[in-house]
Amino acid sequence: MADELSQRLVDVINATYGSHTGHRAVHAKGVLCSGTFTATGSASALSRAPHFAGGPVRAHVRFSNGSGVPTIPDGTRDARGMAVKFYLPGGKTTDIVALSLPVFFTRTPEDLLAFNEARRPDPATGQPDIEKVGAFLAEHPETVPAVTAAISHPAPASYAGITYHSIHAFGFVAADDSVRYGRYHLVPEGGDETITEEEAAAKPPDYLREELDARLQRGPAAFHLEAQLAADGDPLDDPTAEWPPEREVVGLGRLEITALAFDREQGDDILVFDPTRVPDGIILTDDKILLARPGAYSVSVARRTRS
Ligand code: HEM
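Criteria and cut-off values
Residues numbered from 1 in each chain as written. Predicted model: local features only at pLDDT ≥ 70, side-chain atom pairs only at ≥ 80, totals over all residues. Heavy atoms only, no water. Donors = N, O, S within 2.8 Å, 3.2 Å for Na, K, Ca; no water. Helix = DSSP H or I, 4+ residues; strand = E, 2+ residues; numbered from the N terminus. Phe/Tyr/Trp six-rings, centres within 6.5 Å; stacked < 30°, edge-to-face > 60°. Buried < 20%, exposed > 50% of the residue type's maximum accessible area, 1.4 Å probe, protein only. Lys NZ or Arg CZ within 6 Å of the ring centre and 35° of its normal. Contact = heavy atoms within 4.5 Å. Lys, Arg positive; Asp, Glu negative; His and termini not counted. Salt bridge = Lys/Arg side-chain N within 4 Å of Asp/Glu carboxyl O. Expected span 1.5 Å × (residues − 1). Bend = angle between axes of the 7 residues up to and from the residue. Polar contact = N/O pair within 3.5 Å; in protein donor to acceptor, adjacent residues only side chain to side chain. Near = heavy atom within 4 Å. Nonpolar A, V, L, I, M, F, W, Y, C, P; charged D, E, K, R; others polar. Axes fitted to C-alpha atoms, helices over the stretch in contact; angles between N-to-C directions. Parallel < 35°, antiparallel > 145°, perpendicular 65-115°, else oblique. Core = buried A, V, L, I, M, F, W, Y, C linked by side-chain atoms within 4.5 Å.

1. Things to note about the coordination of the iron atom of the ligand
As a benchmark, a tetrahedral metal site with four donors has ideal angles of 109.5 degrees, while an octahedral site with six donors has ideal angles of 90 or 180 degrees. Looking at the protein side alone, the iron atom of the ligand has one donor only, Y297 (OH), at 2.1 Å. Here Y297 lies in helix 8 (residues 288-305).

If you want it as structure tokens, here you go:
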């Protein structure tokens, strides 16, 4: 039985987007791909995690729109997700679950509940109550950067033309047990590819999937996995606070996406990406949002798989 907080986190999401059996509570619409990750020497020096050892590692990647509505047109303004599952030796896996936003909305799950209540669309107008949202932001200035990023972020031309961020920090444990903290960024090899909101709105409803399919037929799409390392004093457990851009960045490897994938999420196969599923060589922080995610994801899984 999931804890009450996890249930409430998903209840408030379901109240916004509806409940759609067979679909994730959020990031309901997505496209699954297969690929290969190859780590750099800098990655193996930073962390003894098995996928950073250097050999090619099989991966699945799921790109998604943030909304919980499975039929949402791709041109709708939204945050985008990129979830990566690395298949490790011995049948284990580890995941990176990232967003197109550089920061998250709140520091705690309790504040997220209050924020989602405040911005829930009024059933009469279909729009959020600006006064309620304004009152929340006045009390929670730390929420403003994520809201600003969400509103101002240009529409993507491609899922493979977006920079994605882990937002949370993770500890990288080296062979000698030394630890450095960093945040992941997944940077598209060809740079960000954007279009105007008007162009996005005029596109077919599934243009992001169609574009990716056509792109992968021509050849692979690649991302560089990077770690932005914390300096002394950078907050490790606050997903609302960006670190200064001049922080050292270490290239961890190249993720090559080769094709749309149809070998998972068929029949009874349940695919879950969980950012707290980390192997030896990576450790978690006390970030309250990070630690709330697996519980909420389990509730979403239970609800999306019930018949
Ligand atoms: C307490 C805060 C959060 C809550 C309650 C929450 C909730 C959820 C839920 C319920 C799902 C669906 C899970 C499933 O059915 O498998 C989901 C998926 C997802 N979330 Fe979160 N989330 C939170 C924070 C974040 C953050 C900070 C990020 C990015 C750094 C993020 C990125 C994603 C992505 C990319 C997916 C889609 C994964 C996939 O493709 O399977 N979420 N989230």
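2. Some thoughts on the packing of aromatic side chains
All told, the structure shown has 11 aromatic pairs when counted by the stated rule. Each ring, one from F63 and one from Y164, has its centre 6.0 Å from the other, and the planes form 40 degrees; the classification is tilted. Linking F63 in strand 2 (residues 57-65) with Y164 in strand 6 (residues 164-173), this pair joins segments that are 101 residues apart in sequence. Owing to a relative accessible area of 0%, F63 belongs among the buried residues under this scheme. Among the residues examined, Y164 registers a relative accessible area of 0% and is labelled buried. A cation over an aromatic ring shows up here: K85 above the ring of F273, its NZ or CZ 5.3 Å from the ring centre.

3. A few points about helix 3 (residues 109-118)
For helix 3, the buried fraction is high: 7 of the 10 residues fall into the buried class. If you check which residues of helix 3 are buried, you get P109, D111, L112, L113, F115, N116 and A118. Residues of helix 3 that are buried in the fold lie against helix 1 (4-17), helix 4 (130-139), helix 5 (144-152) and helix 8.

4. Here we look at the side chain of D111
For D111, the location among the structural elements is in helix 3. Buried and unpaired, D111 has R107 as its nearest opposite-charge partner, separated by 6.3 Å. Residue contacts for D111: discarding those within four places in its chain leaves T106, F136, H140 and E142.

5. Details of helix 8
Given 3.6 residues to a turn, an α-helix orients residues that are three or four positions apart in the same direction. Between its first and last C-alpha atoms helix 8 spans 27 Å; for 18 residues at 1.5 Å apiece the expected length is 26 Å, and the two agree. A maximum bend of about 25 degrees is found in helix 8 at P294. Along helix 8, the residues classified as buried are I289, L290, A292, R293, A296, V299, S300, V301, R303 and R304. On the buried face of helix 8, the contacting elements are helix 1, strand 4 (93-99), helix 3 and strand 6. Here helix 8 starts with a cap whose side-chain oxygen sits 2.9 Å from the backbone nitrogen of I289, and that cap is D287.

6. Quick look at the site of the ligand
Of all residues adjacent to the ligand, which total 22 residues, the nearest are R24, R62, Y297, S300 and R304. For the ligand, an oxygen atom lies 2.7 Å from a polar atom in the side chain of R62. One of the side-chain N or O atoms of Y297 is found 2.7 Å from a nitrogen atom in the ligand. Listing elements by their share of the shell around the ligand, those giving two or more residues are strand 3 (80-87), strand 4, strand 6 and helix 8. Residue classes in the shell around the ligand are distributed as 13 nonpolar, 5 polar and 4 charged.

7. Re the packing of helix 3 against helix 4
Pairs of packed helices are described in terms of their axes, by the angle between the two and the distance that separates them. Taken N-terminus to C-terminus, the directions of helix 3 and helix 4 make an angle of 155 degrees; their axes are 8 Å apart at the nearest point. Looking at the two axes, helix 3 sits roughly antiparallel to helix 4. Mapping the contact onto sequence places D111, A114, F115 and A118 in helix 3 and K132, V133, F136 and L137 in helix 4. Its residues assigned to classes, the contact of helix 3 with helix 4 shows 6 nonpolar, no polar and 2 charged.

8. Observations concerning the pattern of salt bridges
According to the stated counting rule, one finds 17 salt bridges in the structure shown. Between R120 and E117 there is a salt bridge, with its nearest N and O atoms 3.0 Å apart. Take R120: its relative accessible area is 30%, and that puts it in the partly exposed class. Linked by salt bridges that have partners in common, K29, D74 and D206 make up one network.

9. Notes on the nonpolar core
Core analysis: the biggest nonpolar cluster contains 45 residues, and F52, F63, M82, L186 and L255 have the highest contact counts within it. Other than its neighbours up to four places away in sequence, M82 contacts V61, R62, F63, I96, V97, A98, Y164, L186, F223, L255 and I257.

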